[in-house]
Amino acid sequence: MDERLLQVKTPAFVIDQEKLLNNLLILKEVQDDTGCRILLAQKCFSTYSLYELMGKYLAGTTASGIYEAKLGSIMGKENHVFSPAYKDEDMDELLKICDHIVFNSFSQWIHFKEKCLKAKMSRSIEFGLRINPECSTQEGHAIYDPCSPFSRMGITLKEFEKGVASYGLHGIDGLHFHTLCEQNADDLEITLNAVFDKFGKYLKEMKWLNIGGGHHITRKDYNISLLKKCIKMAQDDYGLNVILEPGEAVALDAGYMVSTVLDIVHNGIDIAIMDTSAACHMPDIIEMPYTPQIFGGRIADKDDFNNISFDSGNIESQKSHDQYLYRLAGPTCLAGDVIGDYILNSPLNVGDKVIFKDMAIYTMVKTNTFNGMPLPDIVNMTKDGPKTIRKFNYEDFKNRL
């Protein structure tokens, strides 16, 4: 652990610039070797103070709506956007600041087609349709699976054929799919083959194929060779430019949440009340759900509960081979505001700091001020030490209401 993290005032998100750079170098190598273009999915990581750095290694950004698209323009590179549906007033601005706009249905495309083709006459801009290959490779996370039954994401082959028969594909430059979530390249290969099988004859008319996000490219066990093979297959067999838009892969393991113990209470086990809330600061813990790793300990399992006595209410009764069981929880009124159960290497005291790992992704973009909880500072950790780049106060809470 970087001891400089202990200097940070809590609660705070800390971005490890060195680890971010390591991820960017891996992504750049994929681009250089294949000729694909990799975009930052801002829905996962939108720390725009680092866009200048990321822009040196990535092809640009992708957005999920008007505000993200405006933010993406800060990077000054490619600016893509996809939304399940667009407002008329938003489209007017998107046509001015984006160079790729992807539609979720033929009806949306036809609604905006005249306006889009007019914009194309005056500036370089391309349009695409999102497809649904109906090829689910996820297990147990329907909320994150765009191929789940009755999904609103993308056009199924049956509906696509109807749309082509009715409207044709004039003005459409590319197709887009996004079906993965924290997955390896073997799932991409399965999905890509389904796309080729179902939509191959339409791909031959396209300039590009956007294979979305969910690729854990910078994870240690990720099969980069297979990813490159998949990219080259689309390039060689269909003559397509290939675009990827990962979010997590850009900032994976490149951030921390630094938190302080406010109190320790006992109810069967010792419960540390932190100045960090799962509900407000790390909502994916509840939504996903998952439990983040920490320094100085590990996530508890069922055996840990079986092996420790909880009768006395005394922390010494929980000692087992110099390990201590704690529930780490937030300070809000939500009973389920629990970060997780952990085995720590040493007992906790009020005022101690706990540092959660992999806290750059889907954290800052999802924070909220339920209960009037202050938002954590955002800190950039460079070789010169921690530098606070964003602080929040009462006015940030008040002005949202």
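The structure under discussion appears in the preceding block.
Residues numbered from 1 in each chain as written. Predicted model: local features only at pLDDT ≥ 70, side-chain atom pairs only at ≥ 80, totals over all residues. Heavy atoms only, no water.

## A word on the overall build of the chain
Piece 1. A tally of helices and strands in the chain yields 13 helices and 17 strands.
Piece 2. The C-alpha radius of gyration computed for the chain amounts to 23 Å, which stays within 12% of the reference 21 Å derived for 401 residues, consistent with globular compactness.
Piece 3. Judged by the C-alpha coordinates and their principal axes, the chain covers about 75 × 45 × 40 Å.
Piece 4. Burial status across the chain gives 55% buried among its 401 residues.
Piece 5. Once local pairs closer than 6 in sequence are excluded, the contacts in the chain between residues at least 24 apart make up 69%. (Helix = DSSP H or I, 4+ residues; strand = E, 2+ residues; numbered from the N terminus. Rg over C-alpha atoms; globule rule 2.2 N^0.38 Å. Buried < 20%, exposed > 50% of the residue type's maximum accessible area, 1.4 Å probe, protein only. Contact = heavy atoms within 4.5 Å.)

## Notes on the layout of surface pockets
Gaps left between atoms show up when a probe the size of a water molecule is rolled over them.
Piece 1. Put simply, the largest pocket is a space of about 1100 Å³.
Piece 2. Every residue lining the largest pocket is counted, 48 residues in all, and those nearest its centre are K43, Y144, H178, C181 and Y362.
Piece 3. Contributions of two or more residues to the lining of the largest pocket are made by strand 3 (60-63), helix 9 (248-251) and helix 11 (284-287).
Piece 4. When the residues that make up the lining of the largest pocket are grouped by side-chain class, the tally is 20 nonpolar, 14 polar and 14 charged.
Piece 5. Mapped onto the lining of the second largest pocket, the elements with two or more residues apiece are helix 3 (66-72) and strand 17 (385-390).
Piece 6. A total of three residues in the lining of the second largest pocket trace back to one element, the largest contributor, which is helix 3.
Piece 7. Of the residues assigned to the lining of the second largest pocket, the class counts are 11 nonpolar, four polar and four charged. (1 Å grid on protein atoms, 1.4 Å probe; cavity = no way out; pocket = protein on both sides within 12 Å on 5 of 7 lines; lining within 4 Å. Points joined across faces, edges and corners; volume = space filled by probe spheres on them. Nonpolar A, V, L, I, M, F, W, Y, C, P; charged D, E, K, R; others polar.)

## Overview of the nonpolar core
Piece 1. One finds F45, M54 and I101 to be the most contacted residues of the largest nonpolar core, which totals 96 residues.
Piece 2. Here this core gets eight residues from one element, more than from any other, and that element is helix 7 (residues 185-203).
Piece 3. For M54, the contacting residues outside a window of four places in its chain are L20, L24, L40, F45, T47, M75 and V250.
Piece 4. L5, A12, V14 and V258 belong to the second largest nonpolar core, which has nine residues in total. (Core = buried A, V, L, I, M, F, W, Y, C linked by side-chain atoms within 4.5 Å.)

## Topic: the pattern of salt bridges
Piece 1. Applying the stated criterion across every chain yields a total of 18 salt bridges.
Piece 2. A salt bridge links K207 to E126; the nearest nitrogen and oxygen atoms lie 3.6 Å apart. Linking K207 in the loop between helix 7 and strand 8 (208-210) with E126 in strand 6 (residues 126-130), this pair joins segments that are 81 residues apart in sequence.
Piece 3. For K207, a relative accessible area of 43% corresponds to the partly exposed category.
Piece 4. A salt bridge links D284 to K366; the shortest N-O distance between them is 2.6 Å. Of this pair, D284 sits in helix 11 while K366 sits in the loop between strand 15 (353-357) and strand 16 (377-382), and the two are 82 residues apart along the sequence.
Piece 5. Classification of D284 by relative accessible area gives buried; the value is 10%.
Piece 6. Judged by its relative accessible area of 26%, K366 falls in the partly exposed class. (Salt bridge = Lys/Arg side-chain N within 4 Å of Asp/Glu carboxyl O.)

## As for the packing of aromatic side chains
Piece 1. For the structure shown, the criterion picks out 13 aromatic pairs.
Piece 2. Centroid distance F103 to W109: 5.6 Å. Interplanar angle 55°. Geometry classified as tilted. Residue F103 shares its accessibility class with W109, and that shared class is buried.
Piece 3. Ring pairs connect the aromatic residues Y86, F103, W109, F112 and F127, which therefore count as one cluster.
Piece 4. The positively charged end of R130 is found above the aromatic ring belonging to F82, 4.8 Å away from the centroid.
Piece 5. Note that K357 overlies the ring of F295, its terminal NZ or CZ placed 4.6 Å from the centroid. (Phe/Tyr/Trp six-rings, centres within 6.5 Å; stacked < 30°, edge-to-face > 60°. Lys NZ or Arg CZ within 6 Å of the ring centre and 35° of its normal.)

## Digging into the sheet that holds strand 3
Piece 1. Taken in spatial order, the eight strands line up as 2-3-4-5-6-7-8-9 and close into a barrel, and their pairing is parallel. When the angles between neighbouring strand axes are averaged without regard to direction, this sheet yields 25°.
Piece 2. Relative to strand 9 (residues 241-244), strand 2 (residues 37-41) runs parallel, the two being bridged by two bridges. Its bridge partner lying in strand 9, R37 is registered against I243. (Pairing = 2+ DSSP bridges. Axes fitted to C-alpha atoms, helices over the stretch in contact; angles between N-to-C directions.)

## A short note on a nonpolar patch on the surface
Piece 1. The grouping of I286, L334 and F370 at the surface amounts to a nonpolar patch, some 250 Å² of accessible area in total.
Piece 2. Tracing the chain through its elements places I286 in helix 11.
Piece 3. With a relative accessible area of 41%, I286 lands in the partly exposed category. (Patch = residues over 30% accessible without salt bridge, like charges linked within 9 Å, V, L, I, M, F, W, Y side chains within 5 Å. Areas by Shrake-Rupley, 256 points an atom, 1.4 Å probe, with all protein chains shown as cover.)

## Some details on the packing of helix 7 against helix 8 (residues 224-238)
Piece 1. In contact at an axis separation of 10 Å, helix 7 and helix 8 are set at 10° when each is read in the N-to-C sense. If you check the angle between helix 7 and helix 8, you find them roughly parallel. Touching A185, D186, L188, E189, L192, N193, F196, G200 and L203 of helix 7 are L226, L227, K229, C230, M233, A234 and Y238, all from helix 8.
Piece 2. Its residues assigned to classes, the contact of helix 7 with helix 8 shows 11 nonpolar, two polar and three charged. (Parallel < 35°, antiparallel > 145°, perpendicular 65-115°, else oblique.)

## Points about helix 6 (residues 157-167)
Piece 1. Within helix 6, the full set of buried residues consists of L157, F160 and G163. Buried residues along helix 6 cover an arc of 120° about the axis, so they all sit on one side. Exposed and oriented more than 90 degrees from the buried face of helix 6 are K158, A165 and S166.
Piece 2. Looking at the buried side of helix 6, the elements it contacts are helix 5 (106-122), strand 6, strand 7 (174-176) and helix 7. (Arc of directions from axis to C-beta.)

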